Amino acid sequence: MTVKSKGIRWDQAGARRLERQFLANPATAVTPVADVVAAMRGAHAQVMSAAELSVGVRRADITRADVRAALWMERSLVRTYGPRGTVHLLDSRELPQWCAALPAVPTATAPFPPGVRLSGEQSEQVLAAIGDALSGVCLTVDELGEAIVARTGPWAGERVMPAFQELWPRWRTVLHLAGQSGAVCFGPNRGRGTTYTRPPLFTPLPPREALRLLVRRHLHAYGPGTPQHFAKWLAASPGWAGELFASLAAEGEIEEVVFEGTRAWVVAGDGEFPKGPVRGVRLLPYFDAYGIAAQPRELLFPGRAFDRALSRGQAGNHPLLLVDGVVAGVWHQRRRGRRMTVTVEPLGALTARQERELVEQAERVAAVAEAGAGAELVIGQGTAGPHA
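Residues numbered from 1 in each chain as written. Predicted model: local features only at pLDDT ≥ 70, side-chain atom pairs only at ≥ 80, totals over all residues. Heavy atoms only, no water.

Draft legend 1. Structural detail: the sheet that holds strand 14 (residues 281-284). With respect to topology, 5 strands assemble into an open sheet ordered 14-15-16-17-18, the strand pairing being mixed. Strand pairing shows two members of the sheet lacking a second neighbour, strand 14 and strand 18 (375-379), which therefore form its edges. Neighbour to neighbour, the strand axes of the sheet diverge by 30° on average, direction disregarded. Sheet analysis places strand 14 next to strand 15 (residues 320-323), joined by 4 bridges and oriented antiparallel. Bridge pairing in strand 15 places Leu284 opposite Leu320. (Pairing = 2+ DSSP bridges. Helix = DSSP H or I, 4+ residues; strand = E, 2+ residues; numbered from the N terminus. Axes fitted to C-alpha atoms, helices over the stretch in contact; angles between N-to-C directions.)

Dropping the structure here:
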């Protein structure tokens, strides 16, 4: 049962978010993998195993092989640069929206010092060269770099970009922009090496229409939300987000509500919420979309969880134990052959029912990872540190 209210509580918002993300009840076998990813607003895929698990815990009876099939065989998913310029799995059908909206988002700060950055004209040359070089082929990063330098000039290949204790060529400072605009996406690995190619052909939406959809779909998944929450999700300017929300509210696209005593917004006409929280435990991997996008963060990570499950306030660096919709611990996995050990560190006492559900969740983690001998659950102090 749902209630319609202008005064929305955290437990109501969390319950609706979990329902819409298939975390309250996993999607059925007839739900396409791409629909699950679209409901999340993209699955963070810098670490592919984490992305596979994010999708796998949201749909019954699938494994990492099904996610890979959607990505490389069906092409219903694409692995590219999404929100915040980070690698995501996105629904291929939504590329016209993503690749028009993301380039229209002004970033909060310049990511590189002047001596590293490309000029506007140089950026345009590199972006054009990337798209041209990848037409119909998959190239390694070195092969792509050679093709870009051949099309632009030696300046594009100068090693000035600090990354992982080395210097990368200058052209890589805009690789994420190429992905966000649709000029590049990831191809299948060549051995252990990454390759790049072009996504399926599409026609981008007009930028204003794309931004309208971006806000509405984000609020559908994670609302009620504020411009500040939206800006944090995108790593964008809060002032710009405030202006965008104000214009969409004036057009009747979104409407104001009271959420935990503060002003927030939902999609116009989408004001119904469940009466209470979703009960039960869930295990979410590194960088799961729910842990990153659900706000306000101090309510999702209450008490000790704010210090233990965040890294200086940043979400994503720890796998999360959810209990009744809030973070209540961390966990990690270790695989030995066909057997997986799942170690869960609760921050409070678990009931007998919750421990039984935790066994089921650990088995689900093992099934997604195709650990044929199942999972061994250990409840105790975690030893794995945060992901870099």
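The rest of the description comes next.
Draft legend 2. Layout of the layout of surface pockets. Approximately 300 Å³ is the volume found for the second largest pocket. Around the second largest pocket, the lining comprises 16 residues; the ones closest to its centre are Ser49, Ala50, Leu53, Tyr286 and Gln333. Elements with a minimum of two residues in the lining of the second largest pocket: helix 3 (48-56), strand 16 (326-336) and helix 15 (352-368). Counting residues per element, the lining of the second largest pocket draws most heavily on helix 3, at 4 residues. Among the residues forming the lining of the second largest pocket, the class breakdown is 10 nonpolar, 4 polar and 2 charged. (1 Å grid on protein atoms, 1.4 Å probe; cavity = no way out; pocket = protein on both sides within 12 Å on 5 of 7 lines; lining within 4 Å. Points joined across faces, edges and corners; volume = space filled by probe spheres on them. Nonpolar A, V, L, I, M, F, W, Y, C, P; charged D, E, K, R; others polar.)

Draft legend 3. Expanded view of helix 15. Along its 17 residues, helix 15 runs 25 Å from first to last C-alpha, staying within 8% of the 24 Å computed at 1.5 Å per residue. Within helix 15 the residues assigned to the buried category are Gln354, Glu357, Leu358, Gln361, Ala362, Val365, Ala366 and Val368. Glu370 sits one or two residues past helix 15 and shows a positive phi near 60°. (Expected span 1.5 Å × (residues − 1). Buried < 20%, exposed > 50% of the residue type's maximum accessible area, 1.4 Å probe, protein only.)

Draft legend 4. Seen up close, the state of the cysteines. The full count for this structure, using the stated rule, is 0 disulfides. Free of any disulfide, Cys99 has its nearest neighbouring cysteine sulfur in Cys185, separated by 9.4 Å. Residue Cys99 is classed as buried on the basis of its relative accessible area of 8%. Left without a disulfide partner, Cys138 is nearest to the cysteine sulfur of Cys185, which lies 8.0 Å away. (Disulfide = S-S within 2.5 Å.)

Draft legend 5. Seen up close, the sheet that holds strand 4 (residues 77-81). If you trace the 3 strands from one edge of the open sheet to the other, you get 3-5-4, paired in antiparallel fashion. The two strands at the open ends of the sheet, each matched to only one other strand, are strand 3 (43-44) and strand 4. In the sheet, strand 3 pairs with strand 5 (residues 87-91) via 2 bridges, with the strands oriented antiparallel. The residue of strand 5 that forms the bridge with Ala43 is Leu89. Against the sheet, helix 2 (residues 33-40) engages strand 3, strand 4 and strand 5, with an angle of about 120° to strand 5. (Contact = heavy atoms within 4.5 Å.)

Draft legend 6. Fine view of the pattern of salt bridges. Within this structure, the stated rule accounts for 21 salt bridges. Taking the shortest distance from any N to any O, the salt bridge between Asp11 and Arg9 comes out at 3.0 Å. Here Asp11 falls in the partly exposed class, since its relative accessible area comes to 24%. The class of Arg9 is partly exposed, set by a relative accessible area of 39%. Salt-bridge contacts for Arg58 lead to Asp288; the nearest nitrogen and oxygen are separated by 2.8 Å. (Salt bridge = Lys/Arg side-chain N within 4 Å of Asp/Glu carboxyl O.)

Draft legend 7. Representation of the pairing of strand 9 (residues 185-190) within the structure. Pairing geometry for strand 9 and strand 10 (residues 193-197), over 4 bridges, is antiparallel. Directly across from Arg190, in strand 10, lies its bridge partner Gly193. If you look at the hairpin formed by strand 9 and strand 10, you'll find 2 residues sitting between the two strands, and Gly191 has a positive phi there, around 65°.

Draft legend 8. Inspection of the side chain of Thr31 at higher detail. Among the secondary structure elements, Thr31 is positioned in the loop between helix 1 (10-20) and helix 2. On the basis of relative accessible area, Thr31 is assigned to the buried category, the value being 15%. Discounting residues that sit within four places of it in the chain, Thr31 has contacts with Phe22, Val36 and Arg59.

Draft legend 9. Expanded view of helix 6 (residues 120-133). The end-to-end C-alpha distance of helix 6 is 20 Å, a good match for the 20 Å that 14 residues give at a rise of 1.5 Å each. Restricting attention to buried positions, one finds in helix 6 the residues Ser123, Val126, Ala129, Ile130, Gly131 and Ala133. In this structure, the buried side of helix 6 is in contact with strand 6 (139-140), helix 7 (141-151) and helix 8 (175-181).

Remember that the coordinates give geometry; whether it matters functionally is a separate question.
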